[in-house]
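Close look at the chain arrangement
Here are the chains, one letter per residue:
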Protein chains: 2
Amino acid sequence: MSQKIKAILSKIAPVDRRLEAAIWRKLDNLTKPRRSLGRLEELAAWYSLIHHTLTPSVVHKVAVVMAGDHGVAAEGVSAFPQEVTKQMALNFLAGGAGISALAKHTGTRVVVVDVGVAGEALSHPELRRYKVAQGTRNMAVGPAMTRKQAQQALEVGIRVVEEELATGVDIIATGDMGIANTTPSSALTAVFTGCSVDEVSGPGTGIDQETLSYKKKVIKQAIAINKPQRDDPWDVLAKLGGLEIAGLAGVILAGAAYRRPIVLDGFISGAAALVAYQIKPQILDYLLAAHLSREAGHRVILEHLGLNPLLRLDLRLGEGTGAVLGINLVEAGVKIMTQMASFSKAGVSETL
Amino acid sequence: MSQKIKAILSKIAPVDRRLEAAIWRKLDNLTKPRRSLGRLEELAAWYSLIHHTLTPSVVHKVAVVMAGDHGVAAEGVSAFPQEVTKQMALNFLAGGAGISALAKHTGTRVVVVDVGVAGEALSHPELRRYKVAQGTRNMAVGPAMTRKQAQQALEVGIRVVEEELATGVDIIATGDMGIANTTPSSALTAVFTGCSVDEVSGPGTGIDQETLSYKKKVIKQAIAINKPQRDDPWDVLAKLGGLEIAGLAGVILAGAAYRRPIVLDGFISGAAALVAYQIKPQILDYLLAAHLSREAGHRVILEHLGLNPLLRLDLRLGEGTGAVLGINLVEAGVKIMTQMASFSKAGVSETL
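Criteria and cut-off values
- Residues numbered from 1 in each chain as written.
- Chains lettered and ligands numbered in written order.
- Predicted model: local features only at pLDDT ≥ 70, side-chain atom pairs only at ≥ 80, totals over all residues.
- Heavy atoms only, no water.
- Least-squares fit on C-alpha atoms with pLDDT ≥ 70 in both.
- Pairing = 2+ DSSP bridges.
- Helix = DSSP H or I, 4+ residues; strand = E, 2+ residues; numbered from the N terminus.
- Contact = heavy atoms within 4.5 Å.
- Axes fitted to C-alpha atoms, helices over the stretch in contact; angles between N-to-C directions.
- Expected span 1.5 Å × (residues − 1).
- Buried < 20%, exposed > 50% of the residue type's maximum accessible area, 1.4 Å probe, protein only.
- pLDDT = per-residue confidence, 0-100.
- Parallel < 35°, antiparallel > 145°, perpendicular 65-115°, else oblique.
- Left-handed = near helix turned anticlockwise from the far one by under 90°.
- Nonpolar A, V, L, I, M, F, W, Y, C, P; charged D, E, K, R; others polar.
- Core = buried A, V, L, I, M, F, W, Y, C linked by side-chain atoms within 4.5 Å.
- Buried area = accessible area lost by both parts, 1.4 Å probe.
- Salt bridge = Lys/Arg side-chain N within 4 Å of Asp/Glu carboxyl O.
- Polar contact = N/O pair within 3.5 Å; in protein donor to acceptor, adjacent residues only side chain to side chain.

So, about the relation of the copies chain A and chain B. Once turned by 180° and shifted 0.0 Å along the axis, chain A lies on chain B with an RMSD of 0.0 Å. What the superposition gives is, in effect, a two-fold axis relating one chain to the other. The position closest to the rotation axis in chain A is occupied by the C-alpha of leucine 311 of chain A, lying 3.3 Å away.

Below, the structure is given as structure tokens:
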């Protein structure tokens, strides 16, 4: 493990809970029945605890979208051809994608990272060009990455968070792009949670039943051939992961190290969170699951991590689309905490 | 029934579905796997159908918050004293309430209406002073309102929508304020759905078990004494309703008449929707249930109306707080539809 990764891991600590009682006192003094804003109040408390303040604000919202390709796409496990990873990365940068519209709606800055897109180098002034490899190798016939590549990709995630901190980061959304990336995500989920491949695999972007059966066979074969060691997260990540998944695990670890709330998108981000959790379980305090994806493995991940998803909108796009909607609700909770009047200030009578 | 109400009812028709196929064709051509944005796409389609357009926009978002008092508060069925209705109405106008913070967050204009607050007249330049009565009478001993008062209060809702149309209304959120108003809402829900009072009653703003038992007894007594005729919605509304509930039923009917999407808040708004549905079932096409309240009767209402709530955030505040969050998601869906690039425009390959 590199010095950079070691340094980040050593910074990660459980959240400081000393302000917890004061945060809830403040929320309970606002002009509403106690706890009547439910999860919005919990979001405000979570955000305030991580930022260790009674006067939180949400200014810099950042969605980090990691793009990478997958050798296993050659098996025909996706409904889309591999070049779509690159095309969509350019679409993000041009502002025409789902994440573009929703990030704009929620005032979130989108950072697009090429951590492993296959083909010619992408060129755009705003793209972070941190390519570790031209996509992973086909995990159905051997390891997707070397251990070193997995660590380099994870370091890309750390680097991007550190770069963004210079501009300002109050909250981080995770997002992904990578044709075929539900396949490695299902493999990681099966290995880390102990669930069967059948339980954690789904149609992704929209394959038919026959292709889904084949996809499950491919995942089982990848696990059988690579023999990942479950207690060694780097081994599992390298053999069955993806460059963007490793990058997102780096974002999550760095987010926790720098005490920033992290809002997870769907299944791929969840797989990255599983990896990060295996490396450093103390990240949990910093994580919010924005939504429950329609992809079956996502529920398994959230149950394994003990995360209760905020939204159930049948999303299954990725890109960080659900995560930025989650950020918007966190911001709503923070505004409740900071803009509402107290009973005494508003001259409102308290309970009988 | 007045001419005003008759005229509104005659305008209500099921939504014109001629654009439905074209709307979905547009959504399915955007750079994402087909239907992968789940309910956001459904919201976009719903909104576009009602506005009968392929190029929707959400500009004028209006939350109508109806305030009224309840004679049944004298029975001690609420955790708060009656004067809080008036105090909170002033708090809405001063910008210190939950709805104030969330409406600001979502860019929604709040219209506060005094349709029946008890006590001295409220004074504020932005308040709509359309008081029909100084609160309802105690339904535990007789009818809450006369039939005429119920119709006058409903007309207030129509009037407010018509006034707002002059400024511009693209979408309407419903909101309520009225100490003790879960009590009439439970009574209306029991009568209209046929469920037992026990199934549809809950702790409201936060009463204890003993008070809840008493509250149920009061509701049963109100139904027994008043003998509402279930097939006559005006009779049920007058005997067991509230002025703000009648007002909101008017907002819903007028919203449907003028073809505006209506986003319902929680239990009280749901009770108003039940009333409006009994008067004119064709309103259903125009309704979205923003969230599922923690108050038990709300689930019963949504099941009865066949509405699938968008959010599950354990809210139980009212005021329109959940509804404005719902509007925010509708707007997100509309932006998906109007801001995303198509496959051909973005140069993204379609399925294999």
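A separate point is the sheet that holds strand S4 (residues 171-177) of chain A. All names here are of chain A. Reading across from one edge, S3-S2-S1-S4-S5-S6 is the order of the six strands in this open sheet, with parallel pairing throughout. Here the strands that pair on one side only, and so sit at the sheet edges, are strand S3 (128-129) and strand S6 (287-289). On top of the sheet, helix H3 (residues 38-51) reaches S4, strand S5 (262-264) and S6; it is set at about 155° to S6, its chief contact. Where helix H6 (residues 147-167) meets the sheet, its contacts fall on strand S1 (61-68), strand S2 (109-116), S3 and S4, and the angle it forms with S2 comes to roughly 155°.

What follows is about helix H13 (residues 321-339) of chain A. Residues three or four positions apart in an α-helix share a direction because the helix packs 3.6 residues into each turn. Taking 1.5 Å per residue, 19 residues should reach 27 Å; H13 of chain A reaches 27 Å between its end C-alpha atoms and fits that length. The buried fraction of H13 of chain A is high, at 17 of 19 residues.

Let us look at the sheet that holds strand S3 (residues 128-129) of chain B. All names here are of chain B. The six strands are arranged S3-S2-S1-S4-S5-S6 in an open sheet whose pairing can be described as parallel. Each of the sheet's edge strands pairs with one partner strand only, and the pair in question is S3 and strand S6 (287-289). When strand S2 (residues 109-116) meets S3, the two strands line up parallel, connected through two bridges. Across the sheet, the residue bridging to aspartate 114 is arginine 129, located in S3. Strands in contact with helix H10 (residues 243-257) are strand S1 (61-68), S2, strand S4 (171-177), strand S5 (262-264) and S6; relative to S4, the strand with the most contacts, it is inclined by about 175°.

All names here are of chain A. Per-residue confidence for chain A averages 97 on the pLDDT scale, and 100% of its residues sit at or above 70. Across chain A, S5 holds the top mean pLDDT of 99, while helix H14 (residues 343-346) sits lowest at 95. Across the predicted assembly, pTM comes out at 0.98 and ipTM at 0.97.

Right, let's get into the packing of helix H7 (residues 182-193) of chain A against helix H11 (residues 267-279) of chain A. Residue and element names in this part refer to chain A. Orientation of H7 relative to H11, taken along the N-to-C sense of each, is 40°, at an axis distance of 9 Å. Judged by the angle between their axes, H7 and H11 are oblique. The interaxial crossing formed by H7 with H11 has left-handed handedness. Together, Thr182, Ser185, Ser186, Leu188, Thr189, Phe192 and Thr193 of H7 and Phe267, Ile268, Ala271, Leu274, Val275 and Gln278 of H11 make up the contact between the two elements. Looking at the contact of H7 with H11 residue by residue, the class counts come to seven nonpolar, six polar and no charged.

Another point: the nonpolar core. Counting 276 residues, the largest nonpolar core has Leu40 of chain A together with Leu40 of chain B as the members making the most contacts within it. Apart from residues lying up to four places away in sequence, leucine 40 of chain A is in contact with Leu329, Ala332 and Gly333 of chain A together with Leu102, Leu313, Leu315 and Leu325 of chain B.

Many structure descriptions define interface size as the accessible area lost when the parts assemble. Listed per partner, the contact involves 56 residues of chain A and 56 residues of chain B. For the chain A and chain B pair, buried surface summed over both sides reaches about 4500 Å², with 65% attributable to carbon and sulfur atoms. Looking at the side of chain A facing chain B, the largest losses of area belong to Phe80, His105 and Leu313 of chain A, adding up to 13% of the total buried there. Here chain A is connected to chain B by zero salt bridges. Our enumeration of links across chain A and chain B arrives at 22 residue pairs in polar contact (both at pLDDT 80 or more). Taken together, the residues that form the side of chain A that touches chain B break down as 26 nonpolar, 17 polar and 13 charged.

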